[in-house]
Amino acid sequence: MMEYECCVWCGLKTEKSAGAVHRYLESSPGCWAKYGELLAREYENYEYMSVHELTVDAYALQHPGKESPQTIGSIYIHLASLYSYFMFGRRISELSSIRKKMTRYKDTFVWLTPPEDLKAITVADILESKTAVQHCANVKKWAEYLFETWGIHHSKIANILVTNL
Ligand SMILES: [Zn+2]
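Not measured: the values here are computed from a predicted model.

Reading the values: rules and limits
Residues numbered from 1 in each chain as written. Predicted model: local features only at pLDDT ≥ 70, side-chain atom pairs only at ≥ 80, totals over all residues. Heavy atoms only, no water. Salt bridge = Lys/Arg side-chain N within 4 Å of Asp/Glu carboxyl O. Helix = DSSP H or I, 4+ residues; strand = E, 2+ residues; numbered from the N terminus. Buried < 20%, exposed > 50% of the residue type's maximum accessible area, 1.4 Å probe, protein only. Axes fitted to C-alpha atoms, helices over the stretch in contact; angles between N-to-C directions. Parallel < 35°, antiparallel > 145°, perpendicular 65-115°, else oblique. Contact = heavy atoms within 4.5 Å. Nonpolar A, V, L, I, M, F, W, Y, C, P; charged D, E, K, R; others polar. Expected span 1.5 Å × (residues − 1). Donors = N, O, S within 2.8 Å, 3.2 Å for Na, K, Ca; no water. Tetrahedral: all angles 85-135°; square planar, octahedral: opposite > 155°, others 65-115°.

Describing the pattern of salt bridges
In this structure the tally under the stated criterion is 4 salt bridges. Across the pair K66 and E26 runs a salt bridge whose closest N-O atoms are separated by 2.5 Å. Separated by 40 residues along the polypeptide, K66 in the loop between α3 (52-62) and α4 (69-86) and E26 in the loop between β2 (13-15) and α1 (29-44) bring together distant segments of the chain. A residue is classified by how much of its surface remains accessible, and E26, at 21% relative accessible area, is partly exposed. Between E94 and R90 there is a salt bridge whose closest N-O contact spans 3.2 Å.

Structure representation (structure tokens):
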């Protein structure tokens, strides 16, 4: 009989596995494997790759993990990236340098309590995309969903961005 498990953060149901997971982002092995599939699709095709930065931000913010120096930093950095994209209209190509600059302020970061429910869109929904155009549209929707769901903490991010970056 097949055994299943649900990812603790995104709720994705997959076959139970003892596979690898990320060092501090928290997911089921099945969810992490699906994310690996999605990344492979992006690395193999530049049209899919055009939204890669948003994919990385969305997955990290959907699987924030437990409080630790790494997870505290991860939330600020990925939320700053999405804030810059959605609120300031920064280009996707600028996001990795924005993330890097954000790390300079890590001494001011505190644990931002994750939203209760982050389960509306999962990595499996993005993998349903049949074309690059669909993929890009779905990743943007996914990233926007995570950005909005983390809305309660936007002002903390905005303060740093507006003052320093
Ligand atoms: Zn998950």
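Quick look at the packing of α4 against helix α8 (residues 154-164)
At a minimum axis distance of 10 Å, the contact between α4 and α8 shows a crossing angle of 75 degrees. When the interaxial angle is binned, α4 and α8 end up roughly perpendicular. Packed against α4, whose contacting residues are Y76, L79, A80, Y83 and S84, the element α8 presents H154, K156, I157, A158, I160 and L161 at the interface. Across the contact of α4 with α8, the residue classes tally to 8 nonpolar, 2 polar and 1 charged.

Digging into α1
Given a rise of 1.5 Å per residue, 16 residues ought to cover 22 Å, and the 23 Å separating the end C-alpha atoms of α1 matches this to within 8%. Within the sequence span of α1, burial applies to P29, G30, C31, Y35, L38, L39 and E42. Buried residues belonging to α1 abut β1 (4-6), β2, α2 (46-49), α3, α6 (123-127) and α7 (132-149).

Digging into the coordination of the zinc ion
For the zinc ion, the full set of protein donor atoms is C7 (SG), C10 (SG), C31 (SG) and H63 (NE2), and the range of their distances to it is 2.1 to 2.3 Å. Classification of the site at the zinc ion rests on its 4 donor atoms, whose angles at the metal span 100 to 119 degrees, yielding the label tetrahedral. One chain supplies every donor for the zinc ion, spaced along it as C-x2-C-x20-C-x31-H. Remark: H63 occurs in the loop between α3 and α4 and C10 occurs in the loop between β1 and β2; sequence separation between them is 53 residues.

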